[in-house]
Amino acid sequence: MGRKVDVDDLVGAAEIASRLGVKRPQVVHEWRKRHPEFPEPVATLSNGLIWDWRDVERWARATGRAGT
């Protein structure tokens, strides 16, 4: 069985950008390319990647990107 994730914690690039105060969701994909420690998505859908917000938030705090 896969990892259990609360649906309220599921976010795409647009939600991550919004929550971290970034204007363009493309920045999230740039972070994925530049930072190997960026969290892996928990799912891949036909319209995009899905992350667990808790993982992204931990990464953002550890790298000083939370609250930018």
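Cut-off values and rules
- Residues numbered from 1 in each chain as written.
- Predicted model: local features only at pLDDT ≥ 70, side-chain atom pairs only at ≥ 80, totals over all residues.
- Heavy atoms only, no water.
- Pairing = 2+ DSSP bridges.
- Helix = DSSP H or I, 4+ residues; strand = E, 2+ residues; numbered from the N terminus.
- Contact = heavy atoms within 4.5 Å.
- Axes fitted to C-alpha atoms, helices over the stretch in contact; angles between N-to-C directions.
- Core = buried A, V, L, I, M, F, W, Y, C linked by side-chain atoms within 4.5 Å.
- Buried < 20%, exposed > 50% of the residue type's maximum accessible area, 1.4 Å probe, protein only.
- Arc of directions from axis to C-beta.
- Salt bridge = Lys/Arg side-chain N within 4 Å of Asp/Glu carboxyl O.

Enquirer: An account of the sheet that holds strand β2 (residues 43–45) is requested, with residue identities and associated values reported.
Expert: Spatially, three strands are ordered β1-β3-β2 in an open sheet, and the strand pairing comes out antiparallel. Only two strands of the sheet have a single neighbouring strand rather than two, namely β1 (10–11) and β2. Here β2 runs beside strand β3 (residues 48–52); their pairing, made up of three bridges, is antiparallel. Looking at the pairing, A43 lines up with I50 of β3. Together, β1 and β3 form the strand contacts of helix α3 (residues 53–62), whose direction differs from that of β3 by roughly 75°.

Enquirer: Kindly report on the nonpolar core, identifying the contributing residues and their values.
Expert: The tendency in soluble globular proteins is for nonpolar side chains to be buried as a group. Counting residues in each nonpolar core, the largest one holds 16 residues, and the members touching the most others are I16, L20, V28, W31, F38, W51 and V56. When contributions to this core are tallied by element, the ones reaching two or more residues are α1 (13–19), α2 (26–34), β3 and α3. The leading source of residues in this core is α3, at four residues.

Enquirer: A description of α2 should follow, citing residues and the corresponding values.
Expert: Taken as a whole, α2 has its buried residues at V27, V28 and W31. Angularly, the buried residues of α2 cover 105° about the axis, an arc narrow enough to put them on a single face. Where α2 is buried, its residues contact α1, β3 and α3.

Enquirer: Lay out the pattern of salt bridges with the relevant residues and their values.
Expert: One pass over the structure, following the stated rule, counts five salt bridges. The closest approach of N and O atoms between D9 and R54, which form a salt bridge, is 3.4 Å. Taken together, the residues span a long stretch of sequence, with D9 in the segment before β1 and R54 in helix α3 at a distance of 45 residues. Judged by relative accessible area, R54 falls into the partly exposed class, the value being 34%. A salt bridge links D52 to R54, with the nearest nitrogen and oxygen atoms 2.5 Å apart. Its relative accessible area of 0% is what places D52 among the buried residues. Each member of the salt-bridge network shares a partner with another, and the members are D9, D52 and R54.

From the geometry alone we can't say anything about function, so treat these as descriptive.
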